[in-house]
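Chain and residue survey
Residue strings, one per chain:
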Protein chains: 2
Amino acid sequence: MLGVLGGMGPAAGAYFAYRLALLTDVGSDQEHLPVLLVNDPQIPDRSDAVLGRGTSPLPAMRKGLQFLEASGCSCAVIPCNTAHHWYPELAMCVKMPLIHIVSSVVERLRASGIPGGRVGLLGTPATVHSSLYRDALAQAGYAVLPLSEDDVQRLCVRPIKAVKQNRLPQASAALAHSVRVLHDRGAAAVILGCTELPVALAALGRGPLDLPVVDSIDSLAVGALRHFGLNVKPANAL
Amino acid sequence: MLGVLGGMGPAAGAYFAYRLALLTDVGSDQEHLPVLLVNDPQIPDRSDAVLGRGTSPLPAMRKGLQFLEASGCSCAVIPCNTAHHWYPELAMCVKMPLIHIVSSVVERLRASGIPGGRVGLLGTPATVHSSLYRDALAQAGYAVLPLSEDDVQRLCVRPIKAVKQNRLPQASAALAHSVRVLHDRGAAAVILGCTELPVALAALGRGPLDLPVVDSIDSLAVGALRHFGLNVKPANAL
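Residues numbered from 1 in each chain as written. Chains lettered and ligands numbered in written order. Predicted model: local features only at pLDDT ≥ 70, side-chain atom pairs only at ≥ 80, totals over all residues. Heavy atoms only, no water.

**Topic: the side chain of His100(A)**
Residue and element names in this part refer to chain A. Short version of the rule: By definition, any uninterrupted DSSP run of H or I lasting at least four residues is a helix, any uninterrupted run of E lasting at least two residues is a strand, and each is numbered from the N terminus. N or O atoms closer than or at 3.5 Å make up a polar contact, with two conditions inside protein: a donor-capable atom paired with an acceptor-capable one, and, for residues adjacent in sequence, both atoms drawn from side chains. We call two residues contacting when some pair of their heavy atoms lies within 4.5 Å.
Mapped onto the secondary structure, His-100 falls in the loop between α4 (87-92) and α5 (101-111). One polar contact links the side chain of His-100 to the main-chain amide nitrogen of Val-102, over a distance of 3.0 Å. Those residues in contact with His-100, other than ones at most four positions away along the chain, are His-84, Tyr-87, Leu-132 and Leu-220.

**Regarding unusual backbone geometry**
The residue after Met8(A), namely Gly9(A), is reached through a cis peptide bond having omega -10 degrees. For Asn166(B), which is not glycine, the phi dihedral falls at a positive 55 degrees. Structurally, the position occupied by Asn166(B) is in the loop between α8 (149-164) and α9 (168-184).

**Thoughts on the sheet that holds strand β4 (residues 117-122) of chain B**
Residues and elements named next belong to chain B. What counts here: Strand pairing requires that DSSP identify at least two bridges connecting the strands. Only the stretch in contact is used when a helix axis is fitted, and all axes are lines through C-alpha atoms; the angle between N-to-C directions ranges over 0 to 180 degrees.
Spatially, β5-β4-β6-β7 is the arrangement adopted by the 4 strands of the open sheet, whose pairing is parallel. Each edge of the sheet is formed by a strand with only one pairing partner; in this case those strands are β5 (142-144) and β7 (213-215). The sheet shows a mean angle of 30 degrees between the axes of neighbouring strands, taken without regard to direction. As paired strands, β4 and strand β6 (residues 190-192) are joined by 3 bridges and run parallel to one another. Residue pairing for β6: Leu-121 is matched across the bridge by Ile-191. With respect to the sheet, helix α7 (residues 132-139) is in contact with β4, β5 and β6, its orientation differing from that of β5 by roughly 155 degrees.

**Describing the domain arrangement of chain A**
Residues and elements named next belong to chain A. Under the convention used in this document: An automatic or database domain assignment supplies the start and end points of every domain. When two parts are brought into contact, each loses some accessible area as probed by a 1.4 Å sphere; the total of that loss over both is the buried area. Salt bridges are identified by distance alone: a Lys or Arg side-chain nitrogen within 4 Å of an Asp or Glu carboxyl oxygen. Classes in brief: Ala, Val, Leu, Ile, Met, Phe, Trp, Tyr, Cys and Pro nonpolar; Asp, Glu, Lys and Arg charged; the others, Gly included, polar.
Partitioning chain A into structural domains gives domain 1 (2-100 + 219-237) and domain 2 (102-216). Counting residues at the interface gives 23 residues for domain 1, matched by 25 residues for domain 2. Roughly 1,800 Å² of surface becomes buried between domain 1 and domain 2 when both sides are summed, with 53% attributable to carbon and sulfur atoms. When the buried area of domain 1 at its contact with domain 2 is split by residue, Asn-81, His-100 and Ser-219 rank highest and sum to 38% of it. Viewed at the interface, domain 2 and domain 1 are joined by 0 salt bridges. Across the contact surface, domain 1 and domain 2 share 12 residue pairs in polar contact (both at pLDDT 80 or more). Only α1 (10-23), α2 (46-50) and α11 (216-227) provide two or more residues apiece to the side of domain 1 that touches domain 2. If one sorts the elements of the side of domain 1 that touches domain 2 by residue count, α11 sits on top with 5 residues. Residue composition of the side of domain 1 that touches domain 2, grouped by class: 11 nonpolar, 9 polar and 3 charged.

**Quick word on the confidence of the model for chain A**
Keep this limit in mind: Predictor confidence is given residue by residue as pLDDT, running from a minimum of 0 to a maximum of 100.
In this model, chain A carries a mean pLDDT of 94, and residues with pLDDT of at least 70 account for 97%. This complex was scored by the predictor with a pTM of 0.96 and an ipTM of 0.95.

**A word on the sheet that holds strand β6 (residues 190-192) of chain A**
Residue and element names in this part refer to chain A. The 4 strands lie next to each other as β5-β4-β6-β7, forming an open sheet whose pairing is parallel. Looking at strand neighbours, the two that pair on one side only are β5 (142-144) and β7 (213-215), the edges of this open sheet. Pairs of neighbouring strands in the sheet enclose a mean axial angle of 30 degrees, with direction left out of account. The sheet contact formed by strand β4 (residues 117-122) and β5 spans 3 bridges and is parallel. Of the residues in β5, the one forming a bridge with Arg-118 is Ala-143. Each of β4, β5, β6 and β7 is contacted by α5, which is oriented at about 150 degrees to β7, the strand it contacts most.

**A few points about the packing of α5(A) against α11(A)**
Residues and elements named next belong to chain A. As a reminder of what qualifies: These descriptions rest on fixed angle ranges, namely under 35 degrees for roughly parallel, over 145 for roughly antiparallel, 65 to 115 for roughly perpendicular, and the rest for oblique.
At their nearest, the axes of α5 and α11 sit 8 Å apart, and the two run at 95 degrees to each other. The orientation of α5 with respect to α11, classified from their angle, is roughly perpendicular. Residues Ile-101, Ser-104, Val-105 and Arg-108 of α5 form the contact with α11, whose participating residues are Ser-216, Ser-219, Leu-220, Val-222, Gly-223 and Arg-226. Looking at the contact of α5 with α11 residue by residue, the classes come out as 4 nonpolar, 4 polar and 2 charged.

**What to know about the relation of the copies chain B and chain A**
This is how the line gets drawn: Only residues with pLDDT of at least 70 in both copies contribute their C-alpha atoms to the least-squares superposition of the copies.
Laying chain B over chain A is done by rotating through 180 degrees and shifting 0.0 Å along the axis; what remains is an RMSD of 0.0 Å. Here the transformation between the copies is reduced to the relation of a two-fold axis. For chain B, the residue whose C-alpha comes nearest the rotation axis is Leu37(B), separated from it by 2.5 Å. When the interface residues of chain B are mapped onto chain A, 100% of them again fall at the interface, so both copies present the same face.

**Points about the pairing of strand β1 (residues 2-6) of chain B**
Residue and element names in this part refer to chain B. Defined as follows: Think of it in three bands: with a 1.4 Å probe and only protein chains considered, a residue is buried below 20% of the maximum accessible area for its type, exposed above 50%, and partly exposed in between.
Among the 5 residues that make up β1, 5 are buried, leaving the element largely enclosed by the rest of the structure. What you see with β1 is no split at all: Leu-2, Val-4 and Gly-6 on one side and Gly-3 and Leu-5 on the other are buried throughout. One ladder, built from 5 bridges, connects β1 with strand β2 (residues 35-39); its direction is parallel. In the strand pairing of β2, Leu-5 is matched with Val-38.

**Quick look at the pairing of β2(B)**
A regular strand places its side chains so that they alternate between the two faces of the sheet. To keep it simple, the criterion reads: When the strands point away from the viewer and the path from the first strand over the helix to the second turns clockwise, the crossover is right-handed.
The buried fraction of β2(B) amounts to 5 of the 5 residues, a majority that puts the element mostly inside the structure. By the bridge criterion, 5 bridges tie strand β2 (residues 35-39) of chain A to β2(B) in an arrangement that is antiparallel. Residue pairing for β2(B): Val38(A) is matched across the bridge by Leu36(B). Taken together, β1(B), helix α1 (residues 10-23) of chain B and β2(B) constitute a β-α-β crossover, and its handedness is right-handed.

**Quick word on the pattern of salt bridges**
Counted by the stated rule, this structure contains 16 salt bridges over all chains. Across the salt bridge formed by Arg154(A) and Asp151(A), the nearest N and O atoms sit 3.5 Å from each other. Residue Arg154(A) and its partner Asp151(A) are both found in helix α8 (residues 149-164); the two are separated by 3 residues, about one turn of the helix. The class of Arg154(A) is partly exposed, set by a relative accessible area of 27%. Note on Asp151(A): relative accessible area 7%, which makes it buried. Salt-bridge contacts for Arg185(B) lead to Asp151(B); the nearest nitrogen and oxygen are separated by 2.9 Å. Here Asp151(B) lies in helix α8 and Arg185(B) lies in the loop between α9 and β6, a separation of 34 residues in the sequence.

Here it is as structure tokens:
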């Protein structure tokens, strides 16, 4: 059984479980992966904590992972990019493997046929300003397009905040705008490095964007399906 | 915490948790309802069992509900209409309340402004042939449009089966056709009385159908939010 520590945010955690089901190549209910999702919205804000402004979410995340393991999960995921700042501590608090969201994204980016070059990264300020993605992408031959503080607020925070407030039409319009700006600045692809952004993408419908998008929810779902040896449905069949 | 016994099917269980999050009127993660979702695809087929052809799903469903209660849930839902054939036995196996999907749907139908008359019901053969919806709808002043065995196969089983096989474009086209047929036969609204069907509706985009649709996933989510005293986001804001 796959354990999902969600709630960061709640729509993203549930959307992960939904996409996992839709991305599985099956003929009946019984062929799916069993999933236990704890969607705990009380986990303290990850961005605030990384930026030194709030309570650490680590104790609540540890408790959640330990609950998943005690309930029979043999592998876990956390559909929140910012939470991966605590990956080393989290991976150590349970015996089961914890699939890393950034590794899953980098793997999908390589599989998408974009060989290298400049990519756009949209995420929380904590994620965008840290080495979380930058180092893994550099090792794989990609450079992250630099963003000013103003860019981060306009291109990243705006659509993320709209999803967190369940204002989906505004979120999807803001995301489409951000992708257009990154396209104009020469990005070869855009990484949705915050799990709220795929929710905005879903509200937009999959299609009219200007650039290939590598979505951290779908990437993590594919990573989990591969871990359990399940077949992934081709994206164009969805 | 709300317990969700899902996996029937897996996409429907996860989609319920997703819609619950999107339907909540919030300004931040922390205002959401905590949710524990067991998405157990191994629960034996409900339709087969109702029609006397397979293993009973009751022991697995009881076990799931008892796990949810033992894990701290104070109320539970089962996003599967056919599973509600066992509602009396399931409600008795735990102390927490179990919100009934059919009551939630009838409440949404009344709230939708359709005062009475003929409504279409799409669901599994087990649901459509039983009194599960018929009695509750009759009490509320609605009559279910009769369906022949051939209708049930074409209008209900076809889109449900396509969702269960993750063939969403086929599922949404089949659902749009079913709604059109029910419209032509004089239905005032259509009840999506199988939780696979809202997944087909999502793939279609919300808009181009010929009739008002009362969706058993959204109805159950609204029922759960009201149980916990949370505000529901107006549908037109989604």
